[in-house]
Amino acid sequence: MNFGGTLRINKFACFTVIFILFVIIYWRSGSNSYPTDTSDFVNLKYLLKGAIHAAERGGLKVTDGKNHELNVKSKGKTQEGANDPVTDADYASHCAMYYSLKKAFPKVTVVSEEHSKGDPDCEKQEPMDVEAMMLSQKSIENLLDEHVMAKDVTIWIDPLDATQEYTEALYKYVTTMVCVAVKGVPVIGVIHYPFPPQTYWGWMTKQTSSNIAKVLYKEENKEKPRVVVSRSHPGRVEHIAKEAFGPKTTFDKAAGAGYKVMGVVNGTYDVYLHETAIKKWDLCAGDAIIKSVDGKMTTAKGDLIDYSADSPVKVTEGLLVTRFDHAYYLSKLPNILSATP
Ligand SMILES: *[C@@H]1O[C@H](CO)[C@@H](O)[C@H](O)[C@H]1NC(C)=O
């Protein structure tokens, strides 16, 4: 018998098997090794799921809060002299949203409108398991994973938009918002209405929640645009818009930046125009959603807004939001819409 020959064949077979095993292990680790805590990468799909869940957790605190003492305090006055209130519900929602996200994505910067007020229970939030999380929106599961560097991501949260209206029991304007910006660009936006619970989201260039309807473009809307402006500080904005867009322009006053942007997203309004200073946690989620339906949000000067963590929190050059014809409306706006420091 030729033992040498058999041995050679066995050796060859062994090497082949080991080689194939290595290839399989290498190939499998390529798809599995990223989404771990120690990784410098984060999966945008998990960020979307976490953002939806965090906004809905905040929403529960907001609905719960209305049954308790609101404990309204003032954070001072806005530049227009309107009261800037904060309630216990703002804080409770902040704690739920901020620490849920911070625990699930420890390497990502989270910027919130509120702070914890030194309450030791604030940090004690149930962890979110974003990998195992199954949301009611099944379409998310079919989206492809996309990994970005954690250091490039900034999450902007607004734990309770339209606090003034919340204290007046005008609940329809109230939202909680989460936005994921990558290198300053708003990529994922979530706007959650607690009254009654309804969540809208958009992931730029990928998908939107199925409750965001298609809107047909109507050229003639340019002749008689429907414009939504701020209820608390309309400023000179109605006058400016009428001069700019023509005498057939109509107006609605509404509260909450989230609510107003959604009105443009769903085609109720052609334009959301704002004149005075506004904070980025009010804008980022709406910016991502309007982008994901091919609309546009810019300053009244036409500049895109930078949502990097180290950028200024205030946008002071006005705001123009449209689903269609952005360049047209922008070209009509006069330069005077830029005054407030
Ligand atoms: C569209 O948005 C506006 C403002 O957010 C809201 O009042 C209205 O109910 C919405 N309409 C639909 C059909 O979703």
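Residues numbered from 1 in each chain as written. Predicted model: local features only at pLDDT ≥ 70, side-chain atom pairs only at ≥ 80, totals over all residues. Heavy atoms only, no water.

With 38 residues, the main nonpolar core has Leu-44, Leu-48, Leu-101, Phe-105, Val-153, Ile-155 and Val-178 as its most contacted residues. Within the residue set of this core, elements represented by two or more residues are helix 2 (44–65), helix 3 (88–104), strand 6 (153–161), strand 7 (175–182), strand 8 (185–193) and strand 9 (198–203). Ranked by residue count, the leading element in this core is helix 2, at 8 residues. Excluding residues within four positions of it along the chain, Phe-105 makes contact with Val-42, Tyr-46, Leu-47, Gly-50 and Val-130. Counting residues in each nonpolar core, the second largest holds 36 residues, with Trp-156, Met-177, Ala-181 and Met-297 among its members. (Core = buried A, V, L, I, M, F, W, Y, C linked by side-chain atoms within 4.5 Å. Buried < 20%, exposed > 50% of the residue type's maximum accessible area, 1.4 Å probe, protein only. Helix = DSSP H or I, 4+ residues; strand = E, 2+ residues; numbered from the N terminus. Contact = heavy atoms within 4.5 Å.)

This prediction gives the chain a mean pLDDT of 88; 89% of its residues lie at or above 70. Across residues 31–36, where pLDDT falls below 50, the model places 6 contacts with residues more than four positions away in sequence or in other chains. (pLDDT = per-residue confidence, 0-100.)

The next subject is unusual backbone geometry. Going from Phe-195 to Pro-196, the amide bond is cis rather than trans, its omega being -15 degrees. Mapped onto the secondary structure, Pro-196 falls in the loop between strand 8 and strand 9. Within the chain, Ala-169 stands out as a residue other than glycine whose phi angle is a positive 65 degrees. Along the polypeptide, Ala-169 turns up in the loop between helix 4 (163–167) and strand 7. Judged by relative accessible area, Ala-169 falls into the partly exposed class, the value being 45%. Look at Asp-325: it is not a glycine, yet its phi comes out positive at around 55 degrees. Along the chain, Asp-325 falls in the loop between strand 17 (319–322) and helix 8 (326–332).

A separate point is the pattern of salt bridges. By the definition in use, this model includes 14 salt bridges. One salt bridge in this structure joins Asp-145 and Lys-45, with 4.0 Å as the shortest N-O distance. With Asp-145 in the loop between strand 4 (109–112) and strand 5 (147–149) and Lys-45 in helix 2, the pair connects residues that are 100 residues apart, well separated along the chain. Judged by relative accessible area, which is 44%, Asp-145 ranks as partly exposed. Overall, the relative accessible area of 9% leaves Lys-45 in the buried class. Of the charged contacts, one joins Glu-168 and Arg-231 as a salt bridge, the two residues approaching to 2.8 Å between their closest N and O atoms. Taken as a pair, Glu-168 in the loop between helix 4 and strand 7 and Arg-231 in the loop between strand 11 (226–230) and helix 5 (237–245) lie far apart in primary sequence, 63 residues in all. Residues joined by salt bridges that share partners form a network here, namely Glu-165, Glu-168 and Arg-231. (Salt bridge = Lys/Arg side-chain N within 4 Å of Asp/Glu carboxyl O.)

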